[in-house]
Amino acid sequence: MASVALSESEHSHAVVDHHHEELSFLRKYVFSTDHKIIGVQYGITALLFLLFGFVLMMLMRWQLAYPGKPLPWFGDWMWLLLGKKNAALLMPDGVMSPDLYNSFGAMHGTIMVFLGVVPLGFAAFGNYVVPLQVGAPDMAFPRINMASYHSFLWGGLVMLISFFVPGGAAKSGWTSYSPLASIADTAYHPFWNGQTMWLLGMVLLITSSLLGSVNFIATIIQLRAKGMSWMRMPFFVWAQLVTAFLLLLAFPPLEAAGVMQLMDRVAGTSFFLPSGLVVNGQHFSALSGGGSPLLWQHLFWFLGHPEVYVILLPALGMVCEILATNARKPIWGYPSLVFSVVAIGFLSFIVWAHHMYMTGMGTKVSAFFQTTTVIISVPSVVILSCLLISLWGGSIRFNTPMLFALGFLPMFGIGGLTGIPLAFSALGSYLHDSYYVIGHFHYVVAPGVVFGLFAGVYHWYPKITGRFMNEFWGKVHFWITLVCMNGIFFPMFLQGMAGMHRRWYDGGAAYELSKPLLHWNEFMSVSAWIMGLAQIPFIINFFISFRTGKKASDNPWEATTLEWQTPTPPPHGNFATEPVVYRGPYEYSVPGEAKDFSPQNEPVKEYNKNL
Amino acid sequence: MEIPYTVKARPDTGLWNAKVGIWLFLASEVMLFGGLFSAYIFLRLGSWHWPHGVLNIPIGLFNTFVLITSSVTMVFAWASLKMRNLHKFEWFLGITILCGFIFLGIKSYEYYEKFHHYGLIFKNEAVANRYRAEVEAAGGQIKPSIIEGQYEVTGHIEEMDEETMKFIPDSIHSSEPMVQIVSVLQTITGKKTEHGEAVVFQQDDIYRWGPFVPRYSSYFAIYFTLTALHALHVIGGMVVMAYFWIPGRKLYHADPEHFTNRVEVVGLFWHFVDLVWIFLFPVLYLL
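Residues numbered from 1 in each chain as written. Chains lettered and ligands numbered in written order. Predicted model: local features only at pLDDT ≥ 70, side-chain atom pairs only at ≥ 80, totals over all residues. Heavy atoms only, no water.

1. Quick look at the overall build of chain B
Check the secondary structure of chain B and you find 8 helices and 6 strands. Helices and strands in chain B line up, N terminus first, as α-α-α-β-α-β-β-β-α-β-β-α-α-α. Against the 2.2 N^0.38 benchmark of 19 Å for 287 residues, chain B shows a C-alpha radius of gyration of 24 Å, more extended than a compact globule. Projected onto the principal axes, the alpha-carbon positions of chain B cover approximately 80 × 40 × 30 Å. (Helix = DSSP H or I, 4+ residues; strand = E, 2+ residues; numbered from the N terminus. Rg over C-alpha atoms; globule rule 2.2 N^0.38 Å.)

2. Side note on the overall build of chain A
Along chain A, the regular secondary structure elements total 18 helices and 2 strands. What you see for chain A is a C-alpha radius of gyration of 25 Å, in line with the 25 Å of a compact globule of 611 residues. By principal-axis analysis of the C-alpha atoms, chain A measures approximately 85 × 65 × 45 Å. Relative to its 611 residues, chain A shows a buried fraction of 61%. Across chain A, contacts joining residues at least 24 apart in sequence account for 78% of those joining residues at least 6 apart. Total accessible area on chain A stands at roughly 23500 Å², and carbon and sulfur atoms take up 71% of it. Counting 30 positive and 29 negative side-chain charges, chain A places the centres of these two groups 4 Å from one another. (Buried < 20%, exposed > 50% of the residue type's maximum accessible area, 1.4 Å probe, protein only. Contact = heavy atoms within 4.5 Å. Areas by Shrake-Rupley, 256 points an atom, 1.4 Å probe, with all protein chains shown as cover. Lys, Arg positive; Asp, Glu negative; His and termini not counted. Charge placed at Lys NZ, Arg CZ, Asp CG, Glu CD.)

3. Looking at the interface of chain B and chain A
Counting residues at the interface gives 42 residues for chain B and 50 residues for chain A. Along the contact surface separating chain B from chain A lie 0 salt bridges. For the pair chain B and chain A, the interface holds 6 residue pairs in polar contact (both at pLDDT 80 or more). Of all the secondary structure elements, the ones that give two or more residues to the side of chain B that touches chain A are α1 (17-46), β6 (206-211) and α6 (218-245) of chain B. Its residues placed into classes, the side of chain B that touches chain A shows 24 nonpolar, 12 polar and 6 charged. (Salt bridge = Lys/Arg side-chain N within 4 Å of Asp/Glu carboxyl O. Polar contact = N/O pair within 3.5 Å; in protein donor to acceptor, adjacent residues only side chain to side chain. Nonpolar A, V, L, I, M, F, W, Y, C, P; charged D, E, K, R; others polar.)

4. What to know about a negative patch on the surface
Residues and elements named next belong to chain B. Taken together, the side chains of Glu159, Asp161, Glu162, Glu163 and Asp204 make up a negatively charged region of the molecular surface. Structurally, glutamate 162 can be placed in the loop between β3 (151-160) and β4 (164-169). Given a relative accessible area of 76%, glutamate 162 falls into the exposed group. (Patch = residues over 30% accessible without salt bridge, like charges linked within 9 Å, V, L, I, M, F, W, Y side chains within 5 Å.)

5. Quick look at helix α10 (residues 293-327) of chain A
All names here are of chain A. Helix length check: α10 (35 residues) gives 50 Å between terminal C-alpha atoms against 51 Å at 1.5 Å per residue, within 8%. Along α10, the helix axis deviates most sharply at tryptophan 301, where the bend reaches about 30°. In terms of burial, α10 is a largely internal element, 32 of the 35 residues being buried. One side-chain oxygen of the residue at the start of α10 lies 3.2 Å from the amide nitrogen of leucine 294, identifying that residue as serine 292. Positive phi shows up at arginine 328, right after α10, with a value of about 55°. (Expected span 1.5 Å × (residues − 1). Bend = angle between axes of the 7 residues up to and from the residue.)

6. Looking at a nonpolar patch on the surface
On the surface, a nonpolar cluster with roughly 780 Å² of combined accessible area is contributed by Leu61(B), Phe65(B), Ile68(B), Val72(B), Val75(B), Phe76(B), Leu275(B), Ile278(B) and Phe279(B). Along the chain, the position of Ile68(B) falls in helix α2 (residues 57-82).

7. Structural notes on the pairing of β4(B)
Residues and elements named next belong to chain B. In this structure, β3 lies alongside β4, joined through 5 bridges in antiparallel fashion. Paired with isoleucine 157 across the bridge in β4 is phenylalanine 167. The hairpin turn running from β3 into β4, its antiparallel successor, is 3 residues long. In this structure, β4 lies alongside strand β5 (residues 199-202), joined through 4 bridges in antiparallel fashion. (Pairing = 2+ DSSP bridges.)

8. What about unusual backbone geometry?
Residues and elements named next belong to chain A. The omega torsion of the bond from serine 178 to proline 179 falls at 5°, within 30 degrees of zero and hence cis. Assignment of secondary structure puts proline 179 in the loop between α6 (142-161) and α7 (180-183). At aspartate 93, a position not held by glycine, the phi torsion is positive, near 55°. Tracing the backbone shows aspartate 93 in the loop between α4 (84-90) and α5 (98-134). For aspartate 93, a relative accessible area of 72% translates into the label exposed. Within the chain, asparagine 574 stands out as a residue other than glycine whose phi angle is a positive 70°. Tracing the backbone shows asparagine 574 in the segment after α18 (519-548).

9. A short note on the packing of aromatic side chains
Residues and elements named next belong to chain A. Applying the stated criterion across every chain, the model contains 80 aromatic pairs over all chains. Taken together, a centroid distance of 6.1 Å and an interplanar angle of 65° make the contact between tyrosine 334 and tyrosine 586 edge-to-face. Within this pair, whereas tyrosine 334 is found in helix α11 (residues 334-347), its partner tyrosine 586 is found in the segment after α18, the two being separated by 252 residues in sequence. When sorted by exposure, tyrosine 334 lands in the same class as tyrosine 586, which is buried. (Phe/Tyr/Trp six-rings, centres within 6.5 Å; stacked < 30°, edge-to-face > 60°.)

10. What to know about the packing of α10(A) against helix α12 (residues 363-391) of chain A
Residue and element names in this part refer to chain A. The interhelical angle for the contact between α10 and α12, taken along N-to-C directions, is 20°, at an axis separation of 9 Å. Classified by the interaxial angle, the pair formed by α10 and α12 is roughly parallel. Here α10 runs over α12; the crossing is left-handed. Facing Tyr309, Leu316, Val319, Cys320, Leu323 and Ala327 of α10, the residues of α12 in contact are Ile376, Ile383, Leu387, Ser390 and Leu391. Of the residues in the contact of α10 with α12, the class split is 10 nonpolar, 1 polar and no charged. (Axes fitted to C-alpha atoms, helices over the stretch in contact; angles between N-to-C directions. Parallel < 35°, antiparallel > 145°, perpendicular 65-115°, else oblique. Left-handed = near helix turned anticlockwise from the far one by under 90°.)

11. Quick look at the side chain of Ser80(B)
With respect to the helices and strands, the residue Ser80(B) is situated in helix α2. If near-sequence neighbours (up to four positions away) are discounted, Ser80(B) is found in contact with Asn85(B), Lys88(B), Phe89(B) and Phe92(B).

12. Some points on the pattern of salt bridges
According to the stated counting rule, one finds 18 salt bridges over all chains in the structure shown. Residue Arg583(A) is joined to Glu587(A) by a salt bridge in which the shortest nitrogen-to-oxygen separation is 2.9 Å. Given a relative accessible area of 3%, Arg583(A) falls into the buried group. We note a salt bridge from Lys166(B) to Glu158(B), for which the minimum N-O separation is 3.9 Å. On the accessibility criterion, Glu158(B) (41% relative accessible area) is partly exposed. Linked through salt bridges whose partners overlap, the residues forming this network are Arg583(A), Glu587(A), Glu593(A), Lys595(A) and Glu602(A).

By themselves these figures say nothing about function.
Spelled out as structure tokens, the structure:
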């Protein structure tokens, strides 16, 4: 009797559960308003886009290493990416055409920046970690948060769809410089063409980041837990706050510029076309009157430069958290980190024209931007120095997240230091548009920021899933990636200083001056492909560990910040009881305490209050 | 745990969440319009000649007052809610929405006028000079165009064939306020008669011609882009207000303070839209 009743109740329970799950799947995983789910949505989408952007680059590296040779294996499958019509048009005989190379270059940049790195660093980790770290139950505006993700997703899908429109995806570089971009692709179709789709996609992405940044700032200002004063916020939260302000204020001018370029392309205006422009014998702007290509560049780089810090700061914040946790030491100079990151945020708005030394905007303007650019290196060096000094005397745990965080320091250092010559207009004019520039910013973004992001994935994975990622395969992933990253990017400095241009689609084979450095192309490409293989253990590890990884406790790294003081994975609403904060973020190895970490929500003992 | 400070202010910041949100959003909007205003400056600095007196000033001024009035009634609507007078709130919000419709109606009229107004640019200065006396005799004027070395005449096309174009030039008085008001009144009452004498131009002498649409010149490009973006903001604000006017009102009975806060947020947005117009009017109409 009892067993019958039990099975009956089990049965009905299962039915209810099943029904409940079916009803709520969309609301739980697709249209969720929970910041944690949205963070994971952002994370997985962004990682897929990162992979996709990397695949585009691996294809381009074939063309650079073996110009004019048909693409092996993948050549037959390219119609999947381009559609049959475009594949025939852009890959005659399986060889990458210059147009296709340009298209992949433009989309690689766009996808990596706007759909990969920023959504992963800012939106994914920001969404998951920031509300937990400030002790909030959710973001301030959960439904706007959902809208932000969906706007991002559609922006990304529009970018992907653009590969299939007549003529293929945008080809004018991720910077979409006018007048080139104003007149590109319209021959294929007046509206359904790559560059117009790019602009539409960007408008969606800008909307998404606007919604996200409003939400982040409001959350950090309004929803900090009791006792979470400004100087008790983890550095990651500070980095996110500054990043959100950059997105909030720097992106809209690009949206304005995007609208104007769309008008140029669709409504026949000439905002960015100077009077008398003639391209291929065709008179393009009889109409203009004051149209200016420089205007596009100013508006683009007014976003473009703060965007560099949008890419960098979240990763920097993560590295800071991970270093403190695994060095078992407080971060050295926390206040100077905070002031530096705020200073960087402010300065990043007044350095944009150092991308434009070659445009003839004048020596006075160049001198101004040269000065501000050199000044911005000061807070950057302060931050890096603080992080390095934080390691001094620590008892360091060399686990996978820590390895990636440690790898970040020298790699970002190389990226930052090679940027200083570019700040000076005289040197900048020589190195402009050469592989040196590519090497410089990839050292910042790829081995730098992406290492920070990987560190973050390995570090917070146990909190999100309740299981560790595999350490052994994590280390394999790290070491091969570290070696290959340098194999790809270091030769770029040599090539660039010798004068190799960044946009030669044959890798410089047609130019006499690049002959002595041509052999590096193959080396770099092979490095890139090996690095591609090294990501396979990461991908498998990422999905397998979800089921089979070693179980993690609520605070597996014995960390101090609030996200580790919740159940794992955190329930809806995050905290069982309202957290109260008594301490700074990095109280590791506090003298007189029984354990080597003192969580922020642990009351300070009486005898330690005066320490 | 519920999200705190959705209705009550957080003590140390003195703000509830949505108020922080809307001010941040407006900061971003300032940058959006800032980008377009700087484009305006760039275009104007780069042009040879900047058109004057192309837009109807009295009607633009009237529209400015319509928007200012709507901002005032918006404040009254919010204040009525603060005093928990839903009936008055409905009236004032209704007037605000109505003002939005009037503004958009007038703007559409202005757009319509421009789409049916033509400009004609001569091949070169010598050709322009050849027609100068004839155009002036017809009460019109040949002016420098926006592009260096080009001259234009504006007005209406009466007739056109392969070789010639019969064109009624705008009167030199057509940018005077009284003339503009009369012209608007004539349009409204449907009594508009074609005025002035037509001048016949040879098609061969014309470099290009077209209606005043964005592609006509950089001036109209920035005019239409700025005002259309502004109009989209007006429409957005009206949609939100319409929501609070009828379906959103339910919240008032459940939580009047929360509802009042929401109306305050849309009010702040509406004032911003008004403020943008306060900048647009002098920049596009007067300067």
